[in-house]
Amino acid sequence: MSYEPDILGFACNWCGYAGADGAGQAKLQYPTNFRIIRVMCLGRVDPSFILRAFEDGYDGVALIGCHIGDCHYVSGNINAQDVVKHVQGILDTMGLGRARLRIEEVSSAEGPVFARVVNAFKDELVAMGPNPLKVAKPTFAQEEAQL
Amino acid sequence: MSKPVTSAELPCIQCNKCTHVCPQNMIDPTFSPRGYLLKALMGEGEALEAGPEIWQCLTCLKCREACPSSTDWVGLVKSLRQEAKEQDQCFECKHGRLMQILQRMMANPSLKQDRLGWAEGLQYAEQGEWFYFTGCLPYFDNMFTANSHTSIAQATLKLLNAGGVVPVLSNDERCCGYECLWNGDKETFSKLAKLNIEAIAATGAKKVVTSCAECFRTLKSDYAEEQELPFEVVHSVTLIAEWAREGKLRFKGDAETGVTYHDPCRLGRYEGIYDAPREILKAVAGERFTEMARIKGDAICCGVGNFSNCDANTKFLQHDRLMEAKGTGSEVMVTTCPKCRIHYGCYLDGRPIEPIDNLVVKDITEIAAEALEL
């Protein structure tokens, strides 16, 4: 079976999430393992949220928000860029690599951009291989045996 | 784990000295170790476990210094925290539990770190007698941005090299697990202890140097409780002071700025090392080294214990201590614990109660490396 990376996305309510909605309405394909948490603004995303995702075995984390200058709360996306820069440093030291975390700008009208960005991230993660902290998920047969 | 709630296990005589010296009580009069000990003696340990009080304690051990009957209040806090953790009543630690998450990640044996970037251009080995335990310093550079933290590691390595020691640095070294232990997560702590002892033993090192008071305490005393250690642990200050006495290291001794020293709890009250850092500062700054009023066993806490408490009280404590340092006429407050430096640096970099100009907090290895005569 080919390796499918688990990706966690934090999407802001005003741009990233609306972009995901647009991609869905246009019936564009993007990986099903991309799970989105809607936040009001990327400024809400704390370094601990990102690290916790990696601790729980996610292979990649993407923050998807407004273009610089478009933030509904003025500077939330600029703060998020700062957070991402520092957490990338932590990921490098930890040996996971900074490429597992990225921040993207997608406006509410850019459904196709959303799909493209997520697909490109998935391809990169497939090339990188799984997160070493990942706990092996039980197979269907193992789960059934437990029941 | 059994709670020490009988009077035989808690020899408290209710004299209130602990509460009188407690830094937390100095700011918040409702926090009273004596009052909580009374509750424990009356068999109301469960009420303590559920309350926020046990997370408010800074574990600075000042109470133990004052106690005439050697009551182990901090030990009680530690065991209650472990019990609270087992019952999933754990308090939300500061920074969204960032430190705890980092430690749990490091406790995973399949993690392959890449943490030696800071040591470029300096001498280190892969096998040898000496091991330099860097701790979390490479991580702190991206977590607490008020100061550079790898500069402490670089300075320590420079001093070790100048003393003729080429220590081992290892990518397999992990966090010592100090925050886990003191916040009740004994399970993660035991995993980290096992991994670290294995990693150090694999390099064949017999002596481990740390530049962090908390790592020093944890490796020396708490790891020894877990299993017998195949190595000896020393703090860099003990080593530097010894080498300065022997003449192996010579310092310029003409500091331009006044220097004062803040005793970290883990090096001072917990491990009893008071004189070595002062010897170094006298060699480095000479006459310009002045003492604050509250020193050695009487030194107050930097305001944050194990990242479990950081609030308005903390800010008042930090302001108090920094003003005391300023009052000696010094421009540099030196400490031997990177965490103290993080907390004071955070206060100075953030929103101080009132601005404190011309005062910086530095690590002892940094100013010693600057003053080194080669």
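Note that the coordinates shown come from a computational prediction; the quantities given were computed from them, not determined experimentally.

If you add up the space inside the largest pocket, you get close to 700 Å³. Forming the walls of the largest pocket are 28 residues, and the residues nearest its centre are A:Pro47, B:His95, B:Met143, B:Phe144 and B:Thr145. Those elements giving two or more residues to the lining of the largest pocket turn out to be helix H2 (47-55) and helix H3 (76-94) of chain A together with helix H17 (312-327) and helix H18 (338-349) of chain B. Of all the elements, H3(A) adds the most residues to the lining of the largest pocket, at six residues. Among the domains, domain 2 (95-239) and domain 3 (248-373) of chain B are the pair contributing at least three residues each to the lining of the largest pocket.

Our next topic: empty space enclosed by the protein. Residues and elements named next belong to chain B. The tally for this structure, following the rule as stated, stands at seven cavities of 30 Å³ or more. Reported here for the largest cavity is a volume of approximately 120 Å³. Taken together, 16 residues make up the lining of the largest cavity; nearest its centre are Cys 12, Cys 18, Leu 37, Cys 67 and Thr 71. For the lining of the largest cavity, the secondary structure elements donating two or more residues are helix H1 (17-21), helix H3 (33-41) and helix H6 (62-66). Its residues placed into classes, the lining of the largest cavity shows nine nonpolar, four polar and three charged.

A few words now on the packing of aromatic side chains. Scanning all chains against the criterion turns up twelve aromatic pairs over all chains. On the basis of an interplanar angle of 90° and a centroid distance of 5.8 Å, the ring pair of B:Trp182 and B:Tyr270 is categorised as edge-to-face. Within this pair, whereas B:Trp182 is found in helix H11 (residues 178-182), its partner B:Tyr270 is found in helix H15 (residues 266-270), the two being separated by 88 residues in sequence. The two residues B:Trp182 and B:Tyr270 agree in class, both being buried. Following the ring pairs from residue to residue traces out a cluster consisting of A:Tyr30, A:Phe34 and A:Phe114. Its end group placed over the ring of B:Trp182, B:Lys78 keeps NZ or CZ at 4.4 Å from the ring centre. Against the face of B:Trp182 rests B:Arg266, its NZ or CZ located 4.5 Å from the ring centre.

This part covers the pairing of strand E1 (residues 130-133) of chain B. Consecutive residues of a regular strand have side chains that alternate between opposite faces of the sheet. All names here are of chain B. With burial as the criterion, each face of E1 is covered, one bearing Trp 130 and Tyr 132 and the other bearing Phe 131 and Phe 133. Bridge analysis of E1 against strand E2 (residues 207-210) gives four bridges, and the strand direction is parallel. Note on E2: the bridge partner recorded for Phe 131 is Val 208.

Residue and element names in this part refer to chain B. In this model, H18 (twelve residues) spans 16 Å end to end at C-alpha, consistent with the 16 Å of a helix rising 1.5 Å per residue. Most of H18 sits inside the fold, with nine of its twelve residues counted as buried. Among all positions in H18, only Pro 338, Lys 339, Cys 340, Arg 341, Ile 342, His 343, Tyr 344, Gly 345 and Tyr 347 are buried.

Turning next to the domain arrangement of chain B. All names here are of chain B. Split into domains, chain B comes out as domain 1 (17-86), domain 2 (95-239) and domain 3 (248-373). Centre-to-centre, using C-alpha coordinates, domain 2 lies 22 Å away from domain 3. In this assembly, 32 residues from domain 2 lie in contact with 31 residues from domain 3. Of all residues in domain 2, Ile 152, Leu 159 and Val 237 give up the largest surface area on contact with domain 3, accounting jointly for 21% of the area buried on that side. Between the two partners, domain 2 and domain 3, sit four salt bridges. The salt bridge partner of Glu 214 is Lys 339, with a shortest N-O separation of 2.6 Å. For the pair domain 2 and domain 3, the interface holds ten residue pairs in polar contact (both at pLDDT 80 or more). Of all elements in the fold, only helix H9 (137-140), helix H10 (150-162), H11, helix H13 (213-226) and helix H14 (236-246) reach the threshold of two or more residues within the side of domain 2 that touches domain 3.

What counts and how
- Residues numbered from 1 in each chain as written.
- Chains lettered and ligands numbered in written order.
- Predicted model: local features only at pLDDT ≥ 70, side-chain atom pairs only at ≥ 80, totals over all residues.
- Heavy atoms only, no water.
- 1 Å grid on protein atoms, 1.4 Å probe; cavity = no way out; pocket = protein on both sides within 12 Å on 5 of 7 lines; lining within 4 Å.
- Points joined across faces, edges and corners; volume = space filled by probe spheres on them.
- Helix = DSSP H or I, 4+ residues; strand = E, 2+ residues; numbered from the N terminus.
- Domains from an automatic or database assignment.
- Nonpolar A, V, L, I, M, F, W, Y, C, P; charged D, E, K, R; others polar.
- Phe/Tyr/Trp six-rings, centres within 6.5 Å; stacked < 30°, edge-to-face > 60°.
- Buried < 20%, exposed > 50% of the residue type's maximum accessible area, 1.4 Å probe, protein only.
- Lys NZ or Arg CZ within 6 Å of the ring centre and 35° of its normal.
- Pairing = 2+ DSSP bridges.
- Expected span 1.5 Å × (residues − 1).
- Contact = heavy atoms within 4.5 Å.
- Buried area = accessible area lost by both parts, 1.4 Å probe.
- Salt bridge = Lys/Arg side-chain N within 4 Å of Asp/Glu carboxyl O.
- Polar contact = N/O pair within 3.5 Å; in protein donor to acceptor, adjacent residues only side chain to side chain.

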